[in-house]
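A closer look at the structure
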Amino acid sequence: MLLRKILFKTVLHLLASVSLMFLIIIGGLFVMRQLSFQSTLAQADQLNKQGGISEMREVSLGGISQYIAIEGENRDNPVCLFLHGGPGLSLPYGISGRHQIETISSHCNVVYWDQRGAGKTFSDQKGDSDFTYEQLESDAKELIAYLREEFEQDKIYLVGYSWGSVLGLRLAKALPDQLAGYFGLSQVVNPKASERLLYEWLLEEFETTGHHHFITQLRQLGLPPYEKRSSQQAFQELLTQSNAYVKWNEGLPNVNVLQWFYQVFACPDLSIGEAYDTLFQASDKMLNQGNYWKQLQEVNLIEEIKQVQIPLYFVTGADDYICPVSLVEEFMNQVSSSEKELLVLEHSAHYFSVEDEVKMYDWMKGKIKGAHTNETSDEEQTVGDVISNLLQ
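Remember, predicted model here, so these are calculated numbers, not experimental data.

Cut-offs used in this document
Residues numbered from 1 in each chain as written. Predicted model: local features only at pLDDT ≥ 70, side-chain atom pairs only at ≥ 80, totals over all residues. Heavy atoms only, no water. 1 Å grid on protein atoms, 1.4 Å probe; cavity = no way out; pocket = protein on both sides within 12 Å on 5 of 7 lines; lining within 4 Å. Points joined across faces, edges and corners; volume = space filled by probe spheres on them. Nonpolar A, V, L, I, M, F, W, Y, C, P; charged D, E, K, R; others polar. Helix = DSSP H or I, 4+ residues; strand = E, 2+ residues; numbered from the N terminus. Contact = heavy atoms within 4.5 Å. Polar contact = N/O pair within 3.5 Å; in protein donor to acceptor, adjacent residues only side chain to side chain. pLDDT = per-residue confidence, 0-100. Axes fitted to C-alpha atoms, helices over the stretch in contact; angles between N-to-C directions. Parallel < 35°, antiparallel > 145°, perpendicular 65-115°, else oblique. Left-handed = near helix turned anticlockwise from the far one by under 90°. Buried < 20%, exposed > 50% of the residue type's maximum accessible area, 1.4 Å probe, protein only. Disulfide = S-S within 2.5 Å. Patch = residues over 30% accessible without salt bridge, like charges linked within 9 Å, V, L, I, M, F, W, Y side chains within 5 Å. Areas by Shrake-Rupley, 256 points an atom, 1.4 Å probe, with all protein chains shown as cover. Salt bridge = Lys/Arg side-chain N within 4 Å of Asp/Glu carboxyl O.

1. Quick notes on empty space enclosed by the protein
- Evaluation of the coordinates by the stated rule reveals 1 cavity of 30 Å³ or more.
- Lining the largest cavity are Pro92, Tyr93, Tyr161, Trp260, Tyr351, Phe352 and Glu357.
- Looking at side-chain class alone, the lining of the largest cavity contains 6 nonpolar, no polar and 1 charged residues.

So, in structure tokens, the structure goes:
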């Protein structure tokens, strides 16, 4: 009886200690979240006072409320709209990116958008993922028109990331009179061809790493594409066991994925529920229930797009096996454009390494600055020509 009481008290003390530790950790996280809120809002206030812009906005697109965040050091700079991937995962280029990630806001008014079915927009619409690609493209066109009017600019830049690059490249073709240029980051070209190449690479990868049980599972699935959802999910699970998304260096990933989690958790524009939806709910629901995901599987931009009338710039990781360099190069070789260029990042896979991100953003800034400088020079030359003609 005495032993039972001792054990009971010991268990109670243990539970109390664990509960106290849990409360301390949770409390610490919420304090850290609040401090981050204050820091972000202070930076935003300072930027706004200095003639820049930093704010989150609710805009009506396609008949529903959707959310964008804008960040830039000078309102007169070009506008650059980021189209996040997923589908349904607004990381890292959703509204949580404001003052959390360093992109190109020194040279552009950067616009992050939580698309229909993602992030804060997903939460606001109570988890609605039942929409089509056509609806999302219509939303994007409305947003482009809104931004052109808001910033009084004839043309803006688009940046499409991963699955967002399908939308981006199609818009680049459709709206040459409204867009100054397009950047495709981890550009999706032909998902079915990508999966076939990925399947062969996975076999080699698992053979090299000695994961023979994964090879067995792959051979049982057979070559993609897969008609059954269960087979597609099994393939995705095997994919997460590889280095297809992230390149490793000396046993450590060279992508700071934890920073993405912190980016969402520390975002002052997201409640705890919205942060949870952003990280876990939206993308999962999109992949398992959304019509949009099914439509994306049928994309073949090599066959679909032969000519684009604006500059095209692509960035891809040398070890990206989700969207292989070979397919991006095949697309570039057959498409006609006023300008096209490819930047291959040697230290990256599908997700860009920290060091390569700096190189990529500097490259993007250079392209935008060069185009903007040339445009200004042309305008000045035109004025000079007019004055010269009047004097003659």
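2. What about the layout of surface pockets?
- Estimates place the volume of the largest pocket at around 1500 Å³.
- Considering the residues around the largest pocket, the lining is formed by 48 residues, among which Gly86, Gln236, Tyr245, Leu287 and Trp293 are closest to the centre.
- When residues of the lining of the largest pocket are traced back to their parent elements, those giving at least two are α5 (191-209), α7 (229-239), α8 (257-265), α9 (272-289) and α10 (291-296).

3. Quick look at the environment of Ile302
- Among the secondary structure elements, Ile302 is positioned in helix α11 (residues 301-304).
- Residues Ile302 and Glu330, 28 residues apart in the sequence, show an inter-C-alpha distance of 7.7 Å.
- In this structure, Ile302 is in contact with Val189, Leu327, Glu330, Phe331 and Gln334, ignoring residues within four places of it in sequence.

4. A word on the environment of Glu339
- In this fold, Glu339 is placed in the loop between β11 (336-337) and β12 (340-345).
- In the structure, Glu339 is positioned 30 residues away from Gln309 in sequence and 8.6 Å away in space, judged by C-alpha atoms.
- In this view, Glu339 contacts Ile310, Pro311, Leu312, Tyr313 and Lys367; residues no more than four positions away in its chain are not counted.
- Within the structure, the side chain of Glu339 is placed 3.1 Å from the side chain of Tyr313, a separation counted as a polar contact.

5. As for the confidence of the model for the protein
- Of all residues in the protein, 85% attain a pLDDT of 70 or more, and the chain-wide mean is 88.
- Confidence drops under a pLDDT of 50 for residues 386-392, and excluding neighbours within four residues, the segment shows 0 contacts in the predicted structure.

6. Structural notes on the packing of helix α3 (residues 133-150) against helix α4 (residues 164-174)
- Taken N-terminus to C-terminus, the directions of α3 and α4 make an angle of 60°; their axes are 11 Å apart at the nearest point. Accordingly, the angle class assigned to the pair α3 and α4 is oblique. The hand of the α3/α4 crossing is right-handed. Of the residues in α4, those in contact with Tyr133, Leu136, Glu137, Ala140, Lys141 and Ile144 of α3 are Val166, Leu167, Arg170 and Leu171.
- In the contact of α3 with α4, the residues fall into 7 nonpolar, no polar and 3 charged.

7. Overview of α4
- Most of α4 sits out of view: 9 of its 11 residues are buried.
- Buried within α4 are the following residues: Gly164, Ser165, Val166, Leu167, Gly168, Leu169, Arg170, Leu171 and Ala172.

8. Regarding the packing of α5 against helix α6 (residues 212-221)
- At their nearest, the axes of α5 and α6 sit 8 Å apart, and the two run at 155° to each other. Between α5 and α6, the crossing angle belongs to the class labelled roughly antiparallel. In the packing of α5 onto α6, the handedness of the crossing is left-handed. Here α5 contributes Tyr199, Leu202, Leu203, Phe206 and Glu207 to the contact with α6, which in turn contributes His212, Phe214, Ile215, Leu218 and Arg219.
- When the residues that make up the contact of α5 with α6 are grouped by side-chain class, the tally is 7 nonpolar, 1 polar and 2 charged.

9. Considerations on the state of the cysteines
- The tally for this structure, following the rule as stated, stands at 0 disulfides.
- Here Cys108 stays unpaired: no disulfide links it, and the sulfur of Cys80, its closest cysteine neighbor, is 4.8 Å away.
- Overall, Cys108 belongs to the buried group, its relative accessible area being 0%.

10. Concerning the side chain of Gln66
- Along the chain, Gln66 turns up in strand β2 (residues 64-72).
- Looking at Gln66, its side chain comes within polar contact range of the side chain of Trp113, at 3.1 Å.
- What Gln66 contacts, discounting residues up to four positions off in sequence, is Arg57, Glu58, Val59, Leu61, Trp113, Asp114, Gln115, Arg116, Thr121 and Asp139.

11. Let's talk about a nonpolar patch on the surface
- The grouping of Val257, Leu258, Phe261, Tyr276 and Phe280 at the surface amounts to a nonpolar patch, some 490 Å² of accessible area in total.
- Contributing elements (two or more residues each) for the nonpolar patch: α8 and α9.
- At 3 residues, α8 tops the list of elements feeding residues into the nonpolar patch.
- Within the secondary structure, Tyr276 sits in helix α9.

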